[in-house]
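# Fold and geometry: a report
The chain contents come next:
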Amino acid sequence: MFVIQGILTVAFGLAALFLPGVTLVTLVYLFAAYIAVLGVVLLLRGLFHRRNESSWWFTGLMGLVGISAGVYLLYYPQVAVSTFLGIVGLLLLVRGVFDLALAAYVIKTRDGRILWIISGAVGIIAAIVLWRYPVELGVAFVWVLGFYALIAGTIGLIYAYRARGYINKINLTLNMKK
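In this report, we go over the structure that sits alongside the text. (Residues numbered from 1 in each chain as written. Predicted model: local features only at pLDDT ≥ 70, side-chain atom pairs only at ≥ 80, totals over all residues. Heavy atoms only, no water.)

## Comments concerning helix α5 (residues 110–132)
Stated precisely, the cut-off is as follows: We count a stretch as a helix when DSSP gives it H or I for four or more residues in a row; a strand needs E for two or more, and each element gets its number in order from the N terminus. What a helix is expected to span follows from its residue count: subtract one and scale by 1.5 Å. Relative accessible area decides the class of each residue, using a 1.4 Å probe on protein chains only: under 20% of the type maximum gives buried, over 50% gives exposed, and in between gives partly exposed.
Compared with an ideal rise of 1.5 Å per residue, which puts 23 residues at 33 Å, α5 spans 33 Å between its outermost C-alpha atoms and is within 8% of the ideal. The set of residues buried in α5 consists of Gly112, Leu115, Trp116, Ser119, Gly120, Val122, Gly123, Ile124, Ala126, Ala127 and Leu130.

Put into structure tokens, the structure is as follows:
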């Protein structure tokens, strides 16, 4: 799940950075689809891990928030730019706080904790910048969003790669005991 989330987030970040001339309405559609798909991924991850993760409900809740925001933006593309930026800022803030909570209460390794702290801090800073300068940002909004997506997606991919390494070590240990 982290791989899918990471790839989608990095792809969105690259598109936002290298296609800044895309109209804001088109960006609203792209971002709405991204948020809805990410919401589905988070909801499924929360549901699949409800037996072995104490924070499963929060991951599921983040998924529902993402699905709701994505569907809202898909059905109402005429939403004013400031409202769109407010929703994006809210999602970035909630995700940033969620990442910091993961770092504080769930992630046990030092390296993993640092990655989630960075992701959380960048999300909160991006939200504040978007709320502070909603109209003046123009293309800079696209760049800020793209920059955040690249960082968050890369961290997700790193986390997935590390998790795969841990799983391989566990499987090797179990196979040696047989």
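## Observations concerning the environment of Phe18
Considering the arrangement of structural elements, one finds Phe18 in helix α1 (residues 2–18). Considered as a pair, Phe18 and Val142 are 124 residues apart in the sequence and their alpha carbons are 9.5 Å apart.

## Observations regarding the packing of aromatic side chains
The test is simple: Between rings of Phe, Tyr and Trp, where Trp is taken as its six-membered ring, a pair exists when centres lie within 6.5 Å; planes separated by under 30 degrees are stacked, by over 60 edge-to-face, and by other angles tilted.
Overall, the coordinates contain four aromatic pairs when judged by the stated rule. When the ring of Trp57 is compared with that of Phe58, the centres are 5.5 Å apart and the planes differ by 80°; the resulting orientation is edge-to-face. On the accessibility criterion, Phe58 (24% relative accessible area) is partly exposed. Centre to centre, the rings of Trp116 and Tyr159 are 5.5 Å apart; their planes meet at 75°, and the pair counts as edge-to-face. With Trp116 in helix α5 and Tyr159 in helix α6 (residues 139–177), the pair connects residues that are 43 residues apart, well separated along the chain. Using a relative accessible area of 24% as the deciding quantity, one classes Tyr159 as partly exposed. Members of the aromatic cluster, connected to one another through ring pairs, are Trp57, Phe58 and Phe98.

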